[in-house]
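# Architecture at a glance
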Amino acid sequence: MKKIFVFLLVLTMILTACSGDKGNGNGNGDGEPEPSDTIVDTEMLKDFRDYIAQGKTPQEVKEYLDGLIQDAGTKTADALVGEYLDFMADFMDAAVDDHQDELEKLSSYFDFDTLTIDPEKIQEAELKEFFADLTGAGFKFVAQEGMLYLVIDYRFGEAYSNDLSTEMKDYFDFMALNSDKKWASDAELVITLSELADRIASAERFMTLYPEASRKDELLGFYKIYLGALLGGIDNTPLVNFNTKKIESKYIEAYEYFIKEYPELTTTETVRKFNDELKADSYNAPYTYADYEKHMEFAKHVKELVDSAAENY
């Protein structure tokens, strides 16, 4: 009986090994290799980079990406999408000059109530094609100080939810917060201070969960901007009420909200320390409207707090 058991065990190991050999150790049973989820396909990535270098339109590049990603493993899909995001960033930078005429013409169709453009109202055929090409490629249009600009609509990443890693999907979710609803416009907060606090918490959680994330620097940048605004205010949503010469109550409430809602976060210690400083001085304004030097001194202090908090990531 023991000999039979050993024979069956060896036979099972041999059959398992043979089965694994089909498709070169990463097969699908018919001799065709399956995409790897653990390594980047450098040839596929190079192919995509070469295609981008040909000067194709965003829509063409996006369609090429869609074709490639179907045969890509998770690591390769992440790398391809990362490459596409870099392409989008370069295109946006160049569009300010290269597509100034189109952006100026489209600005007349921008609805400031809905913050959108109705493509059916665009009269010029070429302009309508330009709009369709960019929105189909994952861009959206925003107005800033009377000018129209391109931004990335990070919701386009949802189409790849079955292809990307959890890290990359979480990255898209965080970045979509601002592409769905920008945090500030014309130096004024557009979201509430509690929403700003929530975004800071989301950024910290991402950076803690993915300390080696390929696009962590972008999250860190938003983290510092958001935290700086929460602690020091921004020009048209100031921290100080110059009539009462006190800290605005909505900021104090935001600090208390952050401390209560996120006691486990490292950033909470920074917020608590800052709130205690203000409280110790009875929330009196640390500077006046006309006192430039004190204002700059306070701004420097806020920056130091933010930079110190950011060093954790």
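Heads up: these notes are all about the structure in this document. The structure displayed is predicted, hence computed values, not measured ones.

From N to C terminus, the protein chain includes 12 helices and 10 strands. Looking at the protein chain as a whole, 39% of its 313 residues are labelled buried. Taking all contacts inside the protein chain whose residues are at least 6 apart in sequence as the whole, residues at least 24 apart take part in 61%. When the accessible surface of the protein chain is split by element, carbon and sulfur atoms take 51% of a total near 18,100 Å².

Attention now goes to the packing of aromatic side chains. Two measures describe an aromatic ring pair: the distance that separates the ring centres and the angle between the ring planes. In the structure shown here, the tally under the stated rule is 24 aromatic pairs. With a centroid separation of 4.9 Å and 55° between ring planes, the pair formed by Phe-206 and Tyr-210 is classed as tilted. By relative accessible area, which is 6% here, Phe-206 ends up buried.

Glancing now at the environment of Ala-176. Position of Ala-176 relative to the elements: it lies in helix H7 (residues 166-180). Among all residues touching Ala-176, those that are not within four sequence positions of it are Tyr-154, Arg-155 and Lys-181.

So, on to the environment of Tyr-257. Residue placement: Tyr-257 occurs in helix H10 (residues 249-261). You can call Tyr-257 partly exposed: its relative accessible area is 26%. Sequence separation of Tyr-257 and Asp-198 is 59 residues, and the distance between their C-alpha atoms is 9.7 Å. Here Tyr-257 is in contact with Ser-194, Ala-197, Asp-198 and Tyr-262, once residues within four sequence places are set aside.

Moving on: the pairing of strand S3 (residues 139-144). Residues Phe-139, Phe-141 and Ala-143 line the buried face of S3, whereas the alternating positions Lys-140, Val-142 and Gln-144 sit on a face that is not buried. Bridge count for S3 against strand S4 (residues 147-152) is 6 bridges, and the pairing is antiparallel. Each residue of the ladder has a partner; that of Val-142, found in S4, is Tyr-149. The hairpin turn running from S3 into S4, its antiparallel successor, is 2 residues long, and Glu-145 in that turn takes a positive phi close to 50°.

Relative to each other, helix H2 (residues 42-52) and helix H4 (residues 74-98) sit at 20°, their axes nearing to 10 Å. Comparing the axis directions of H2 and H4 gives the class roughly parallel. Read as a crossing pair, H2 and H4 show a hand that is right-handed. Counting all contacts with H2, which are made through Met-44, Leu-45, Phe-48, Arg-49 and Ile-52, the residues of H4 involved are Thr-76, Ala-79, Leu-80, Glu-83, Tyr-84 and Phe-87. Here the residues of the contact of H2 with H4 sort into 8 nonpolar, 1 polar and 2 charged.

Reading the values: rules and limits
Residues numbered from 1 in each chain as written. Predicted model: local features only at pLDDT ≥ 70, side-chain atom pairs only at ≥ 80, totals over all residues. Heavy atoms only, no water. Helix = DSSP H or I, 4+ residues; strand = E, 2+ residues; numbered from the N terminus. Buried < 20%, exposed > 50% of the residue type's maximum accessible area, 1.4 Å probe, protein only. Contact = heavy atoms within 4.5 Å. Areas by Shrake-Rupley, 256 points an atom, 1.4 Å probe, with all protein chains shown as cover. Phe/Tyr/Trp six-rings, centres within 6.5 Å; stacked < 30°, edge-to-face > 60°. Pairing = 2+ DSSP bridges. Axes fitted to C-alpha atoms, helices over the stretch in contact; angles between N-to-C directions. Parallel < 35°, antiparallel > 145°, perpendicular 65-115°, else oblique. Left-handed = near helix turned anticlockwise from the far one by under 90°. Nonpolar A, V, L, I, M, F, W, Y, C, P; charged D, E, K, R; others polar.

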